[in-house]
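# What the coordinates show
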Amino acid sequence: MSDDAPKARPARKIGRRQPLTAKAADAQDAMFSRASDDDGTHAVPAESVDIPHDPAQLDPREDKFAEWQVAACFIIAALSAVGFVVAYVMIDPRAAIGRDMNYALGGLFTTSLLAMGAGFVLWAKKLLPHDKMVQERHDFFSPEEEELATEETFLKGFREMGLGSRRVLRRSLLGAAALLPIPALVLLRDLGPLPHSRLRHTAWRRGSKLVDVESKLPIKIGDLEIGGIATVMPEGHEEPDENALSPTILIRFAPGEIKSKKEAAWGYHDHVAYSKICSHAGCPISLYEQQTHHLLCPCHQSTFDMADDANVIFGPAARRLPQLRISVDAEGYFVADGDYSQPVGPSFWERG
Amino acid sequence: MSPSTFARRLVSRRRQLASAAVVAVALGLLGMLYAAVAPRGSAATSADPAVDEGRKLFQSLSCASCHGLNGEGGNRAPSLIGVGAAAVDFQMGTGRMPLQAHGPEAPRKRPVADEADILKVAAYVASLGSGPAIPQFDNADWQRADTAFGGALFRTNCAQCHNFAGSGGALTYGKYAPSLSDATPKQIYEAMITGPENMPVFGDKQITPDQKLAIINYVRTIKTQADPGGVGLGRVGPVTETVVGWLIGIGVLVVVTIWIGARA
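Please read all numbers here as calculations on a predicted model, not as lab measurements. (Residues numbered from 1 in each chain as written. Chains lettered and ligands numbered in written order. Predicted model: local features only at pLDDT ≥ 70, side-chain atom pairs only at ≥ 80, totals over all residues.)

### Considerations on the overall build of chain B
The number of helices and strands found in chain B is 11 helices and two strands. Along the chain direction, N to C, the helices and strands of chain B fall in the order α-α-α-α-α-α-α-α-β-β-α-α-α. Burial analysis of chain B (264 residues in total) assigns 30% to the buried set. Looking at chain B alone, contacts between residues at least 24 apart form 67% of all its contacts between residues at least 6 apart. (Helix = DSSP H or I, 4+ residues; strand = E, 2+ residues; numbered from the N terminus. Buried ≥ 20, exposed ≤ 12 C-beta atoms within 10 Å, placed from the backbone. Contact = placed C-beta atoms within 7 Å.)

### Notes on the interface of chain A and chain B
Counting from both sides, the interface comprises 31 residues of chain A and, opposite them, 26 residues of chain B. Mapped by element, the contributors of at least two residues to the side of chain A that touches chain B are helix H5 (100–126), strand E4 (229–234), strand E7 (287–289) and strand E8 (294–296) of chain A. Among the residues making up the side of chain A that touches chain B, the classes are represented as 12 nonpolar, 13 polar and six charged. (Nonpolar A, V, L, I, M, F, W, Y, C, P; charged D, E, K, R; others polar.)

### Topic: the nonpolar core
In terms of nonpolar packing, the biggest core is built from 83 residues, with Leu210(A), Leu250(A), Val121(B), Ala122(B) and Val125(B) touching the most fellow members. Considering each element in turn, this core owes the most residues, eight residues, to helix H5 (residues 115–128) of chain B. (Core = buried A, V, L, I, M, F, W, Y, C linked by C-beta atoms within 7 Å.)

### Structural notes on the confidence of the model for chain B
A low pLDDT means the predicted coordinates there should not be read in detail. Confidence in the prediction of chain B, expressed as mean pLDDT, is 85, and 89% of residues score 70 or more. The complex model carries a pTM of 0.68, and its ipTM stands at 0.73. (pLDDT = per-residue confidence, 0-100.)

### Looking at the pairing of E4(A)
When a strand is regular, its side chains alternate between the sheet's two faces. Residue and element names in this part refer to chain A. A large share of E4 lies buried, amounting to six of its six residues. The side-chain alternation of E4 yields two buried faces, one formed by Ile229, Thr231 and Met233 and the other by Ala230, Val232 and Pro234. Of the strand pairs in this sheet, strand E3 (residues 210–212) and E4 are connected by three bridges, and their pairing is antiparallel. Bridge pairing links Leu210 to Pro234 in E4. Alignment of E4 against strand E5 (residues 248–252), held across four bridges, turns out to be antiparallel. Following the sheet pairing, Ala230 is matched in E5 by Leu250. (Pairing = 2+ DSSP bridges.)

### A word on the sheet that holds strand E10 (residues 311–314) of chain A
All names here are of chain A. One open sheet accounts for four strands, arranged E7-E8-E9-E10; its pairing is antiparallel. Among the strands making up the open sheet, the edge pair consists of E7 and E10. Strand-to-strand twist across the sheet, computed as the mean angle between neighbouring axes with direction ignored, equals 30°. For E7 and E8, the ladder comprises three bridges, and the chain directions are antiparallel. Along E8, the bridge assignment pairs Tyr288 with Leu295. (Axes fitted to C-alpha atoms, helices over the stretch in contact; angles between N-to-C directions.)

### Here's the deal with helix H10 (residues 209–224) of chain B
Compared with an ideal rise of 1.5 Å per residue, which puts 16 residues at 22 Å, H10(B) spans 23 Å between its outermost C-alpha atoms and is within 8% of the ideal. Packing partners of the buried residues in H10(B) comprise helix H6 (139–143), helix H7 (147–157) and helix H9 (185–194) of chain B. (Expected span 1.5 Å × (residues − 1).)

### Overview of the sheet that holds E5(A)
Think of a sheet as strands paired side by side through backbone hydrogen bonds, with each pair either parallel or antiparallel. A sheet is described by the order of its strands in space; here five strands give the open sequence E3-E4-E5-E6-E11 (chain A), paired in antiparallel fashion. Only two strands of the sheet have a single partner each, and these edge strands are E3 and strand E11 (323–324) of chain A.

### Looking at the packing of helix H3 (residues 60–90) of chain A against H5(A)
Residue and element names in this part refer to chain A. Between H3 and H5, the shortest axis-to-axis distance is 8 Å and the interhelical angle comes to 165°. Accordingly, the angle class assigned to the pair H3 and H5 is roughly antiparallel. Here H3 and H5 pass one another in a crossing that is left-handed. Classifying every residue of the contact of H3 with H5 gives 19 nonpolar, six polar and one charged. (Parallel < 35°, antiparallel > 145°, perpendicular 65-115°, else oblique. Left-handed = near helix turned anticlockwise from the far one by under 90°.)

### What to know about the pairing of strand E6 (residues 271–275) of chain A
Residue and element names in this part refer to chain A. Counting buried positions along E6 yields five of five residues, so the element is predominantly enclosed. By the alternation rule, side chains of E6 split into His271, Ala273 and Ser275 and Val272 and Tyr274, which are all buried. The sheet contact formed by E5 and E6 spans five bridges and is antiparallel. What sits directly across from Thr248, in E6, is Ser275. Here E6 pairs with E11 via two bridges, running antiparallel. For Tyr274, the partnering residue across the bridge sits in E11 and is Gln323.

### Digging into unusual backbone geometry
The step from Met97(B) to Pro98(B) runs through a cis peptide bond, and the omega angle for that step is -5°. Structurally, Pro98(B) can be placed in the loop between helix H4 (84–93) and H5. For Lys216(A), which is not glycine, the phi torsion reads 60° and is therefore positive. Positionally, Lys216(A) belongs in the loop between E3 and E4. Taking the number of C-beta atoms within 10 Å as the measure of exposure, Lys216(A) has 11 and is therefore exposed.

Right, here's the structure in full:
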């Protein structure tokens, strides 16, 4: 090593190359003065660059040891592969799936691949000859005269088009170019059928019974305990997937808990029904806290005070949840007095 | 003193004596009447010895310091009249009561009293006013319930707060819905019928006892289910799996790549 070589390994920064030693730089310069082979690759003699001294390539005992190291890796890989098959046959999947079976199969296959890879790496590092190759790279730019010629050709073509003098051509071209995006915009109409008035209505009708969404049974007065809630759908339209605006939450308060007069009037004997579709982004809400009467939307934490006509007390929702006016039919079942009086769910362009 | 004056005085004294006697008799009668119909208060005894022992425990376990000497409630705690035995068994059985500290949510902890004592306190509180009784069922009852339907009911009624794998979740202002992994079948049932803290009440007319057992079977089934891959990651599905995949999996790859690049 020459005197001007760095004494200590310089602090490495990711992506920054170590500076060449003076000797290596000289060797590299000498390389490019030599003739290269077809793809521009020069072989660099090992002694001209700082290649670490590798005992395995000089000492036959080290060589033998390295060979066994590589072989040991391959043997581990082979044993793991066999172990995989044994584990697959031996472990009862019904008892151990998700646990022992996964650990055994995954672990053994990982070991097999890892040992195989480690073997190859050791082989390449310790047993293959350590030559260094240099490949010449050319700069990527065109000669100046070529650039000038291209520029001249382009400008000449532009001049010959005569856009300055041919006004009719210029204007018709501008018009055509301006109208070109219109067909693409018109195609947006094919994104789906227009909603028409469907955003303004739900499946609730006058006399629709409030049906439990899961049991599909109508709910009678007294079915809910004080502090109870139920998710209800209009009778005959029980599938929430097909009636995404209709899900409604029925809440029973203790007497005197309802603060809003309108809310109490639209409900029936401490029972009230509100849309379950958040007025912010349309998530179904039913995180109901029976002591605080908060209804919390899980999507963006809008919080509604259900004792105060679903007033928004926190979060991004802009409006109260719409209330469904309910009463009780002759048999004691809850029925809706009609559809919601305002559009349910998130805002839309023409909502008003 | 003339005889007439003497006679008047005698009559007057007699009258005074008579009225005093009437007052004394009346007071005595009133006292006896009160003793006969008055509420017995803390000195009262009842037919069920468990209720009496429960009352003593209610005071010695310091329930009474917040809920009042007769469970009538106070500034710091609600009335226990009419909450029923199930509520007591749930609150004390999960260690939430007696309360350790006032806060948004009472955490689950080791029960202070053993099961026999809890049942005595429950019997006492149940004697204050009628409420939901401790549900009676054995393991075979919920084990043969319909798991799939229980899952559907759970996802409709419970999953919004407790998460669809029963892992629990956050509510407003520091409150939270607890994980169900430690809850016993009886505690799950009691929670549904009593609605502890901010949980809504799910009465037997809304979710029938059979449906409740199905929900319990679902909760217990997912609790004992194995996690393919070994780690459940909160069982909240593809979100955590993707986060772990990106942060840890790809993160490790990036670090390894940088390391290889730095060595080259």
